[in-house]
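Reading the structure
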There are 4 protein chains.
Amino acid sequence: MNTKPFEQYESEVRSYCRHFPTVFVKAKGAEFTDENGEKYVDFFCGAGAVNYGHNNDYIKSKLIDYLSADGILHALDMYTVPKREFIETFENKILKPRGYDYKIQFCGPTGTNANEAALKLARKVTGRQNVFAMMGAFHGMTLGSLALTTDMSSRAGAGVPLHDVTHIPAPYMFPELDTIAYMERLITDDHSGIEKPAALFIETIQAEGGIMVMSEDWLRRCREFCDKYGIVLVCDDIQVGCCRSGEFFSFERAGIKPDIVTMSKSIGGYGMPMAIALIDPKLDIWKPGEHNGTFRGNQLSFVAAKAGLEYMLEHNVEAETKRKGEIVKGYIEKEILTLDSRLELRGRGLIWGIDFEAFGDDELSERVIDACFKNKLVIEGAGRKNSVVKLMPPLVIEDELLLKGLEILKKSIVECL
Amino acid sequence: MNTKPFEQYESEVRSYCRHFPTVFVKAKGAEFTDENGEKYVDFFCGAGAVNYGHNNDYIKSKLIDYLSADGILHALDMYTVPKREFIETFENKILKPRGYDYKIQFCGPTGTNANEAALKLARKVTGRQNVFAMMGAFHGMTLGSLALTTDMSSRAGAGVPLHDVTHIPAPYMFPELDTIAYMERLITDDHSGIEKPAALFIETIQAEGGIMVMSEDWLRRCREFCDKYGIVLVCDDIQVGCCRSGEFFSFERAGIKPDIVTMSKSIGGYGMPMAIALIDPKLDIWKPGEHNGTFRGNQLSFVAAKAGLEYMLEHNVEAETKRKGEIVKGYIEKEILTLDSRLELRGRGLIWGIDFEAFGDDELSERVIDACFKNKLVIEGAGRKNSVVKLMPPLVIEDELLLKGLEILKKSIVECL
Amino acid sequence: MNTKPFEQYESEVRSYCRHFPTVFVKAKGAEFTDENGEKYVDFFCGAGAVNYGHNNDYIKSKLIDYLSADGILHALDMYTVPKREFIETFENKILKPRGYDYKIQFCGPTGTNANEAALKLARKVTGRQNVFAMMGAFHGMTLGSLALTTDMSSRAGAGVPLHDVTHIPAPYMFPELDTIAYMERLITDDHSGIEKPAALFIETIQAEGGIMVMSEDWLRRCREFCDKYGIVLVCDDIQVGCCRSGEFFSFERAGIKPDIVTMSKSIGGYGMPMAIALIDPKLDIWKPGEHNGTFRGNQLSFVAAKAGLEYMLEHNVEAETKRKGEIVKGYIEKEILTLDSRLELRGRGLIWGIDFEAFGDDELSERVIDACFKNKLVIEGAGRKNSVVKLMPPLVIEDELLLKGLEILKKSIVECL
Amino acid sequence: MNTKPFEQYESEVRSYCRHFPTVFVKAKGAEFTDENGEKYVDFFCGAGAVNYGHNNDYIKSKLIDYLSADGILHALDMYTVPKREFIETFENKILKPRGYDYKIQFCGPTGTNANEAALKLARKVTGRQNVFAMMGAFHGMTLGSLALTTDMSSRAGAGVPLHDVTHIPAPYMFPELDTIAYMERLITDDHSGIEKPAALFIETIQAEGGIMVMSEDWLRRCREFCDKYGIVLVCDDIQVGCCRSGEFFSFERAGIKPDIVTMSKSIGGYGMPMAIALIDPKLDIWKPGEHNGTFRGNQLSFVAAKAGLEYMLEHNVEAETKRKGEIVKGYIEKEILTLDSRLELRGRGLIWGIDFEAFGDDELSERVIDACFKNKLVIEGAGRKNSVVKLMPPLVIEDELLLKGLEILKKSIVECL
């Protein structure tokens, strides 16, 4: 297997390949095949980008049809048929049934770009500069989003101080502290030193933060806090949206409507680059072109995105995600947590984390991940000191493959303990 | 034609559709077709993203083949066959023949993301925070790149002050001022108040700045200036690279090698989202994952990118671009500039701007653009007060269609004068 | 009484005169005399600048002698006899007996300048940019110190965002939160988003914050926290130093040694402008002139400062302060708190605050202050919403005058309730 | 002579004492006396703080009288008799005869504090954040003023990036560049990347920048530029005001009225700490206390300041300054410039600089300064690489002493060449 061109010519910034030192050729559903013909179960899911499975046949056929018919491919934000069809499908099949009335902004096709758009718009709407973000958050790597992001190594890469964001302790960090009351005190105490924010950015589940699930009550109180003080509530649903947590939008379980929702990853249906911001119509005061990007109109992504939504609805992916989530939870509780009392499990839907932090061995989770790969399971780490092994299979994974992955995981943990 | 879903559900931020109020269905080469079956000549070229033509048949066949064979589609920065093949093609067919030895960083697939990467790396390498960028520059819309970008309306969208960049007068702004000597004075005068920069960002042709072509001499002196003071020279070749200016890299004409080159738009071959940073190996001190993004490994883009390079080489696109550039220049000089002495022409290769600024009528260029559209030519504005009409057809445009477009342009200008 | 020149020519920024609308002529000890010959008891003490009494006779005679002898008056940081004598007195009579070994930096003669010096030095020593400051803190009004200061109206005056400071909840704000553990978590959690600070700025008693007294235990834990993580502990002793809290340095009660101590106000002995930073010798890595200011060498201030220290020692001001503090506390507890259960008392030494916040009437404390003035007591407010009436008489006030002041205060409160 | 206490206990930040290694005891007029009884001619003048001479007898008597009578000494911004008298004198004797109608803000008694006040007010009045300052400028060492200041070593001391200021080339830096047109282009070109400023800060003579005298024409064009674009013109007259340049305000020669004038140094008459901002009444929109400081009401400074103005008027200091300036100029041109053609002279009134830069020997000016001191002349350096020897005697220096100083200077230069 020839990995030399990567080692010689690809920048040292490459990272996943270091954990998965093979060359992949094909992918289907929840399985990869490498150049040697070896198959791997996928519990990584393109960091959440292929919820409906690798190379989903339904979506694939739509893409090939569109390409074959010479449908317009690149169009910036001109009007096109695929964009219209995506909009109609998203509004009619996703938003309306849930009672939401968002307008859609098509952003440069990276999650960070959607968060940069949300930042700009919240500041424009409120005329304020400060923004609240949670400790443990990950919102992207460009300078605006990076200021929201909390992990130290990402922040250090900025090379300049990151300003205009106040980080709020996540509710799990200091259980004795009511974080909503804390935020309220910050902006009502005339001696806090903290400027009232334009926005509060939240994730309902901090994925990179270590699969930290926010409670419904806390989410509702965030909504009330923002309503009370005229603050824009932004929910970053980039990783845990698109059914990952069990519902299409991860905040549905709390019965709330954020003012802005950012989506990327699986919104592109087939792993196609795409990012959108859903905007409460009252906030849509953008001037034309005030935020833009050349690839905000990649028609192939619109085709895949629409097909992805159709597939998701047709195959009851929400319900299936919940059902499979119970399988994962049950298996881990019975077969893995029982291995050692220091193991901790957190998660929801089909995103789960097994935390090895209590072992006090910073390398343990890394060794588990490497053992998994040797045993033909692709899985990654997350969280503080990367101590969490994150299970995030495609939502459409077959039960059999899911169990196979879980068994490999168990075996690998046993090997490492 | 149904544009209602856009008006009702798409954010007010949409912009090009306002100049081109139709719904596009197909595109081929240098022509669009809308839902009514009307055809339009394309002098816009996806803002430079489809240099090898819309829906180029050669690239298309590679995409369909890859999709049909279930080649892995989404892979972050894992090793894959398409990435390997792209790397090998790019190194062997593009870089080596030109004597360059860059390493390649695959960035989130937007030009702004590549510039954010270049910013981070230059700051990391030098340990400095300040960066020099030229007045008239456009480098993107996320907060790091936006600090480099100079147009006021884009900057105003930030909602926060943009720091850590010193803007240098472009050489055309104050002809009496030697801008290289100016920069040198800034960093050698111990009372300039300007911190020595990590990097100097340049475009060889400022496209958004109004098709302002930098001289070879100036480009060489930038290189010498950076060498002399240990400053990273970053060339943003996102819009004018990929043969647009007549050579694959726009800086080749000056015989220089920037330390970092950022590319996007047409590097994706088929209008596919893709962005890369080419890095002098000495500077490649990234830590794994220090800059990342979910779609930095879109395999379809690698397939299209490789096919695009092959097509470009096979069809002598560089030479063809120069040849067609002469046609454009000759036509405009003879047929258009003669219409009014206030018209000014600037450009190179197949990027040209006709400047209406001297008319003192801020709406004139807009009217020309609207007239063009009515006459079935898609073309956009650029530059100060948007006073420049920018001609940027696909490089593979047939001579006939090129002339047709030029005639429509002439006719539209005549209508507006 | 002619106040017209002030109203006509002095900027609207003037403030105290609005509460005390008379023209003062003389001052002695703890009494003012206005142009009408009316006398006022002083519970304000020049915001802490005349601890040893207005126009203290001992100091006065030294000043007149020095002036009469044509001692050099202005000398920047050249060597002079008065500076040498101040240094020797301060080192031998103040520092050595307490076991401290600080070096002295003479700053521009404002407290804010000393804090700017401390900020610069802490950042220089550690190479870090972020700084921790407490919510409720006041450290000055120039842009560096203002970033530390927390009151909203002062901050709003900046006109630019204030950066590079993380504000930490004061221990009284969220009693359930261990603020030392909180700070520790911020810098050890790799996902807090908070950069490790160069310094922690504290006041042992937040005066402007509302006479909030930090516990000895908390102060000691701040010292341990800074030791553990290599953070510079800066104690701003500008208002509560010089015996105000009962000991010369307010932090003595906790048995700690901050790395930098900033002093101003009463260090000038006679209300003379002066400010110093006391620096742990290990941190004294300043380059000559790296922080400077024209009036850092006002010799009259050195003369007054030395005489002030001599007077203070001779008259047992520390012990007297404690004794009088008990008088104040006893009187208020017995005569004032008994007036209404909503009244709250806080303080130490001769700085006390009566908090009217629980009345929910934002104007009440202001009315009390105005009533006091009518009854010939000069006193000011502090704290959140300015709800605290702050008692801060000169430390040398006679018992009789102290009681007179307290009686006026009681009477005025009774009038307002 | 005992300098040990300084070396042992004073911070390494001390600087002038390193050039003048003696201990000063007395000062009178333009002469110092050290502990050994040696006398030194003063061409340094407390960096401009004792224009009316050291220990001026007229002012001294007023100070002693005031102290003896127990006049109130410290009063913050309460109304007092000395402040009223200063205001009346300044308005009636200085401002009205010149046709100015400024209001007076009393700032913390350092020049930098007055500039911080001006910064805040200009930003408040305009609602803008950016500020223009000139390369070569010195405006102070606290973080707001330091962002305006240009010398690298001062800026490096900040320890954080200094933001919100655009530095404009001084007119002498690029003679071919019209700096007023340059500023105009920056704010009218919609692609300059430079935000329209709240204020333009100028010095009419850059003292620290190397005795660079701005032309009357340039000053007038600054005024017109600010008028045209609604920008606040701030003139920092801290070093060259109070008659230093020949007129009381240094900008009088250009016939302009800045919107804000900052003064310190000699405004305190006797070397007493004091600083004021003169504000066009239309701009005086401060809220009470929005900028403050404990020593903004040092009554002894008001007494000295008033007496200083009286002395200045009584003794025709403006005319005398001009007359003596001619002596200095004539002497240097005839006796010193003739020594070597590489010497350059610049100046006005009684501030002159001899520039040694053309010698290409960075230490030469330092050696001259040290030789002067050995020959009993106190004088300091300024400008780029400190290559300028700055002559700034007290304005009241006797002709004889002036000549003596000039002769020492010549002799010292001869020794060093």
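Moving on: the relation of the copies chain B and chain A. For the match of chain B to chain A, the screw axis carries a shift of 0.0 Å, the RMSD comes to 0.0 Å, and the turn is 180 degrees. Taken together, the rotation and translation relating the two chain copies correspond to the operation of a two-fold axis. For chain B, the minimum C-alpha distance to the rotation axis belongs to B:Leu143 and amounts to 2.6 Å. The overlap is high: 100% of the interface residues of chain B also sit at the interface in chain A, so the same surface is used on both sides.

Of the residues lining the interface, 105 residues belong to chain B; the matching set on chain A comes to 105 residues. Interface of chain B and chain A: buried area, both sides summed, is about 9,300 Å²; carbon and sulfur atoms make up 62% of it. Looking at the side of chain B facing chain A, the largest losses of area belong to B:Tyr9, B:Tyr79 and B:Phe295, adding up to 10% of the total buried there. Where chain B touches chain A, the interface holds 10 salt bridges. Of the charged contacts in the structure, one is a salt bridge between B:Lys28 and A:Asp70, with a shortest N-O distance of 2.7 Å. The element contributing the most residues to the side of chain B that touches chain A is helix α5 (residues 81–98) of chain B, with seven residues. Classifying every residue of the side of chain B that touches chain A by side-chain character gives 47 nonpolar, 31 polar and 27 charged. Pairing of strand β1 (residues 23–28) of chain A with strand β4 (residues 79–80) of chain B involves two bridges; the strand directions are parallel. Each bridged residue has a counterpart across the sheet, and for A:Val23 the counterpart in β4(B) is B:Tyr79.

As a further point, take the interface of chain D and chain C. Between chain D and chain C, the contact holds 105 residues from the first and 105 residues from the second. Buried surface at the junction of chain D and chain C, summed over both partners, amounts to about 9,300 Å²; 62% is from carbon and sulfur atoms. Remark: the boundary between chain D and chain C carries 10 salt bridges. Across the pair D:Glu10 and C:Lys83 runs a salt bridge, and its minimum N-O distance is 2.9 Å. Connecting chain D to chain C are 51 residue pairs in polar contact (both at pLDDT 80 or more). When residues of the side of chain D that touches chain C are assigned to their parent elements, the largest contribution, seven residues, is made by helix α5 (residues 81–98) of chain D. A breakdown of the residues in the side of chain D that touches chain C according to their chemical character gives 47 nonpolar, 31 polar and 27 charged.

A few words now on a nonpolar patch on the surface. All names here are of chain A. A surface patch of nonpolar side chains, about 230 Å² in accessible area, is lined by Leu-339, Val-414 and Leu-417. Turning to its location among the elements, Leu-339 is positioned in the loop between α12 (317–336) and β14 (344–348). You can call Leu-339 partly exposed: its relative accessible area is 33%.

On to the domain arrangement of chain A. Residues and elements named next belong to chain A. Splitting chain A by domain gives domain 1 (4–56 + 317–416) and domain 2 (60–314). Computed from C-alpha atoms alone, the centre-to-centre distance between domain 1 and domain 2 is 25 Å. Listed as interface residues are 32 residues of domain 1 and, on the opposing side, 36 residues of domain 2. Roughly 2,800 Å² is buried in total at the junction of domain 1 and domain 2, and carbon and sulfur atoms are behind 50% of that figure. Among the residues of domain 1 in contact with domain 2, Tyr-52, Glu-318 and Arg-348 are the three that bury the most area, contributing 27% of the side total. Our count for the contact surface shared by domain 1 and domain 2 stands at four salt bridges. We note a salt bridge from Lys-322 to Glu-247, for which the minimum N-O separation is 3.2 Å.

What follows concerns helix α10 (residues 216–229) of chain B. Residue and element names in this part refer to chain B. Compared with the 20 Å implied by 1.5 Å per residue over 14 residues, the 20 Å span of α10 between its first and last C-alpha is a close match. The set of residues buried in α10 consists of Trp-218, Leu-219, Cys-222, Arg-223, Phe-225, Cys-226 and Tyr-229. For α10, the buried positions fall inside an angular range of 160 degrees around the axis, keeping them on one side. Exposed side chains of α10 directed beyond 90 degrees from the buried face belong to Glu-224, Asp-227 and Lys-228. Along its buried surface, α10 packs onto β6 (131–134), α9 (179–188), β8 (199–202) and β11 (232–236). Just beyond α10, the residue with positive phi is Gly-230, at close to 65 degrees.

Right, let's talk about the pairing of strand β18 (residues 388–391) of chain A for a bit. Residues and elements named next belong to chain A. Both faces of β18 are covered, namely the face carrying Val-388 and Lys-390 and the face carrying Val-389 and Leu-391. Alignment of strand β15 (residues 351–355) against β18, held across four bridges, turns out to be antiparallel. If you follow Gly-353 over to β18, its bridge partner there is Lys-390. Strand direction decides the pairing type here: strand β17 (residues 380–382) and β18, joined by three bridges, are antiparallel.

Trans is the common state for peptide bonds, and a negative phi is the common state for residues other than glycine. All names here are of chain A. In this model, Cys-243 sits at a positive phi of 80 degrees, which is unusual for a non-glycine residue. Inspection of the secondary structure puts Cys-243 in the loop between β11 (232–236) and β12 (260–263). By relative accessible area, Cys-243 is classed as buried at 0%.

Inspection of the entire model under this criterion finds 156 salt bridges over all chains. With a closest N to O distance of 3.0 Å, B:Arg296 and B:Asp77 form a salt bridge. On the criterion of sequence distance, the pair formed by B:Arg296 in the loop between β13 (276–279) and α11 (299–314) and B:Asp77 in the loop between α4 (57–68) and β4 is long-range, its members being 219 residues apart. The pair formed by B:Arg296 and B:Asp77 is uniform in burial state, with each residue classed as buried. In this structure, the salt-bridge partner of C:Asp101 is C:Lys257, at a minimum N-O distance of 2.8 Å. Here the residue C:Asp101 occupies a position in the loop between α5 (81–98) and β5 (103–106), and C:Lys257 occupies one in the loop between β11 (232–236) and β12 (260–263), the gap between them amounting to 156 residues. In the salt-bridge network here, residues are joined through shared partners; they are A:Glu12, A:Arg14, A:Arg18, B:Lys103 and B:Asp284.

What counts, and at which threshold
Residues numbered from 1 in each chain as written. Chains lettered and ligands numbered in written order. Predicted model: local features only at pLDDT ≥ 70, side-chain atom pairs only at ≥ 80, totals over all residues. Heavy atoms only, no water. Least-squares fit on C-alpha atoms with pLDDT ≥ 70 in both. Contact = heavy atoms within 4.5 Å. Buried area = accessible area lost by both parts, 1.4 Å probe. Salt bridge = Lys/Arg side-chain N within 4 Å of Asp/Glu carboxyl O. Helix = DSSP H or I, 4+ residues; strand = E, 2+ residues; numbered from the N terminus. Nonpolar A, V, L, I, M, F, W, Y, C, P; charged D, E, K, R; others polar. Pairing = 2+ DSSP bridges. Polar contact = N/O pair within 3.5 Å; in protein donor to acceptor, adjacent residues only side chain to side chain. Patch = residues over 30% accessible without salt bridge, like charges linked within 9 Å, V, L, I, M, F, W, Y side chains within 5 Å. Areas by Shrake-Rupley, 256 points an atom, 1.4 Å probe, with all protein chains shown as cover. Buried < 20%, exposed > 50% of the residue type's maximum accessible area, 1.4 Å probe, protein only. Domains from an automatic or database assignment. Expected span 1.5 Å × (residues − 1). Arc of directions from axis to C-beta.

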